[in-house]
Structure formats: C-alpha cells, structure tokens
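Here's the letter readout for the chains.
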Amino acid sequence: MSDLLRKKILVTNDDGIDGEGLRVLVESLKTVCDVYILAPDSNRSAVSSKITMDRRVSYHRHGDGVYSCSGMPADCVISALTSPLFGCRFDAVVSGINAGPNMGTDVIYSGTCAAARQAVLMGVPGIAVSLESEFFDYARNGYNFKPLADFTAKNLDALISLCTGEVFVSLNATSADTYTEAVFASGCVRDYGDRVEFEGEEPELTGFCTTDKISVTGESDCDYNIARSGKIAVSLIYAEPVLKKMNGGANFTF
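Thresholds applied
- Residues numbered from 1 in each chain as written.
- Predicted model: local features only at pLDDT ≥ 70, side-chain atom pairs only at ≥ 80, totals over all residues.
- Heavy atoms only, no water.
- Helix = DSSP H or I, 4+ residues; strand = E, 2+ residues; numbered from the N terminus.
- Rg over C-alpha atoms; globule rule 2.2 N^0.38 Å.
- Buried < 20%, exposed > 50% of the residue type's maximum accessible area, 1.4 Å probe, protein only.
- Pairing = 2+ DSSP bridges.

Engineer: Please explain the overall build of the protein as it appears in this structure.
Structural biologist: Helix and strand counts for the protein come out as six helices and 13 strands. Compactness check: the protein gives a C-alpha radius of gyration of 19 Å against a globular reference of 18 Å for 254 residues, within 12% of the reference. With the C-alpha coordinates of the protein rotated into their principal frame, the extents come out at 60 × 45 × 45 Å. In the protein, which comprises 254 residues, the proportion classed as buried is 47%.

And the structure:
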C-alpha cells in the first residue's frame, strides 16, 4: 500500500506508555497503517473523561512519533488532535488494549473508553479495545493480547466505518488463542459492591474503597455474555449523553 494511502492512527491507552497491551496493539496496527503514540506516563485507569486543568501537562519523546505525557487519556487525544506535536491529521484514534474488560457500565469510568469518546467528540473515529484475563475480570496475568490486536488491525476500516460521528466502538473479549466470531452487543450492568471503609478516629479519618464480588446482569446478547462465550463483543456507544425529554410527570415549586 502506498504511504499516501495508509491511514494515520493515534494509539493511546489508560494503562500507560509501558502497557503490554499498547505495545502489542501497535505492532499489529503497524502492518496496515502509520501509527503514532501518545499515552499517559503511568497508569490512569478509571479516570473516565477527566482532563487536566489545574496544572501544566508535560510531554516526553521516546522516539519518532512516540510520546508520553503527565496527563489523562482524554488529554492525550486533545493534545494529539489540536497541537503540532505530530504534524498530521489522524484518521482514527485507537485506545488500548486495556488489561481488563470495559463492559457495560464500566464505560462510565473507563479511561480507555474515554479516549475513544474524546476522539468522536472532536470529529475523529474512536475505537476502544479491552481484554479480559483468561482468569476473568481484572486478574494480574492471563492476557494474550495478540489475537485481539490482530483482529483490530485486520478490521480497522470496518471498525472506523461504524463510527458515524455519534458513536465510538468498544471491543471486549476474554483472552484466547483465537477468535472465530465478532458479535454486536448490548451493554450489561456491573455492580462492584463498592463501599468505603474508614480507619483512624475523627476528626482525622482515612478512607479506602473496597469491593465485593462483581455481580453482572444483562440480556443474552450483552457484551459480558458474548465475551465469556469466546467471541468478540462489538458495542456502539454514544459519545454524547443521550437525554430523555420529559413531558410532564413532575410539579416544580418556585
């Protein structure tokens, strides 16, 4: 393929510049497109769409077209798309591969998905890619990133075509050696049983968030069930909040 015809893709993540999922994804994408990288300098998981407003963001060059920054995943996308850092226009932003799933309600908190969302909000197709460990959910190991990375690269044009300007694409799969099917998915609801436990005595308390076992509910075609069945779940997610217009139903007092 001519260099002039190869798409230019920004790759970012929320696991940080040293994330294995990012490295494997880049290797696969380089076979079909020109890849540029701007990722957080360390882990930024669960930061959602936070952007840095209270301090300057610093950038570090690691090589040609490869940078890290002190900001968030959304900062990475904004910086790449609005500054002369790379000197090119991007055809899409691919975020991942996240070490852990981003299914259903996870999307609210996910920095991986936030990067894809930010891209769509700025008029560029966004694709988020997340992998569940073979030991399920957020295990420390059991991630074979390459099959999902190869799927993303081979189907890059098709995935970009799904980003209509309103939605970004979120891919989820459970780690496997091969995949034979990708299925459009609805979203599940994941309840982490979050609670805060306190240590110390008033007025000086220290709190930390802890969770119980994750519970999941959803239809048979939800991303959780599809990924757990050994298939790749493809979800289309609105970048902008979808607001419901109400006609009556509440009486307000002034």
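Still to come is the rest of the account.
Engineer: Is there a simple way to think about the pairing of strand 4 (residues 66–69) in this case?
Structural biologist: As paired strands, strand 2 (residues 34–40) and strand 4 are joined by four bridges and run parallel to one another. In the sheet register, Pro40 faces strand 4, and the bridge partner there is Cys69. Two strands pair when backbone bridges link them, and strand 3 (residues 59–63) and strand 4 are joined in this way by four bridges, in the antiparallel orientation. In the sheet register, Gly63 faces strand 4, and the bridge partner there is Val66. Hairpin connection between strand 3 and strand 4: a loop of two residues separates the two successive antiparallel strands, and Gly65 in this loop has a positive phi of roughly 70°.

Function cannot be inferred from these measures alone, as they are strictly geometric.
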